[in-house]
Amino acid sequence: MKKAKKTSSEPLKQTIADLFGQPPQEFYRQPVLHINCKGKLEIENCRQILQYDAQCIQLDMKQWNVKIEGDGLQLKTITRQRLLLEGKVFQVVLSYEQNQQKKEGKG
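Every residue gets a number counted from 1 within its own chain, in the order that chain's sequence is written. Predicted model: local features are reported for residues with pLDDT of at least 70 only, side-chain atom pairs are reported and counted for 80 or more only, and whole-chain, interface and lining totals are derived from all residues. No hydrogens and no water enter the side-chain calculation; it runs on all heavy atoms of the structure.

### Quick word on the overall build of the chain
Each helix and strand in the chain was counted, giving 2 helices and 6 strands. Going along the chain from the N terminus, every DSSP run of H or I of four or more residues is numbered as a helix, and every run of E of two or more is numbered as a strand. When the helices and strands of the chain are placed in sequence order, the string is α-β-β-β-β-β-β-α. Throughout, exposure labels follow a simple rule: accessible area from a 1.4 Å probe, protein chains only, divided by the maximum for the residue type, with under 20% read as buried, over 50% as exposed, and the rest as partly exposed. The 107 residues of the chain split such that 19% are buried. Here, two residues are considered to be in contact whenever any of their heavy atoms come within 4.5 Å of each other. Sequence separation of 24 or more characterises 37% of the internal contacts of the chain that already satisfy a separation of 6 or more.

Written out as structure tokens, the structure reads:
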């Protein structure tokens, strides 16, 4: 009777570590836009608020500009890492700023 070959558990350990491991640190610094269909938006790592009134909010999110149009828009929470916006959102317009890195002197 032949014995089954013992296989190394290293590939399995690496697969499990990849599944449950943390993403790279720079992953957490990326701008993120979460949209809740009940009229709430959570924005992470926004660089700058370019325009703000009850009908329009425009945000600089690194390489993207985000324009949110609606009615009764209110910034409920403003911290360095997070904005919470509430109101009736009619439209979200995303525009890509291709030359953003050149403006920062990185390109």
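### Things to note about unusual backbone geometry
Located in the positive-phi region is Asn45, a residue other than glycine, with phi close to 60°. Topologically, Asn45 is positioned in the loop between strand 2 (40-44) and strand 3 (48-52). Judged by its relative accessible area of 18%, Asn45 is buried. A positive phi angle is found at Lys62, which is not glycine, with a value near 65°. Mapped onto the secondary structure, Lys62 falls in the loop between strand 4 (56-61) and strand 5 (64-78). The exposure class of Lys62 is partly exposed, given its relative accessible area of 30%.

### Some thoughts on the sheet that holds strand 2
Pairing within the open sheet is antiparallel, and its 6 strands lie in the order 1-2-6-5-4-3. Both edges of this open sheet fall to strand 1 (32-36) and strand 3, since each of them pairs with a single strand only. Mean inter-strand twist for the sheet, computed between neighbouring axes without regard to direction, equals 35°. Strand pairing is defined by DSSP finding a minimum of two bridges between the two strands. As paired strands, strand 5 and strand 6 (residues 82-96) are joined by 12 bridges and run antiparallel to one another. In the sheet register, Gly70 faces strand 6, and the bridge partner there is Val89. To define axes, lines are fitted to C-alpha atoms, for helices over the stretch in contact only, and angles between the resulting N-to-C directions are given on a 0 to 180 degree scale.

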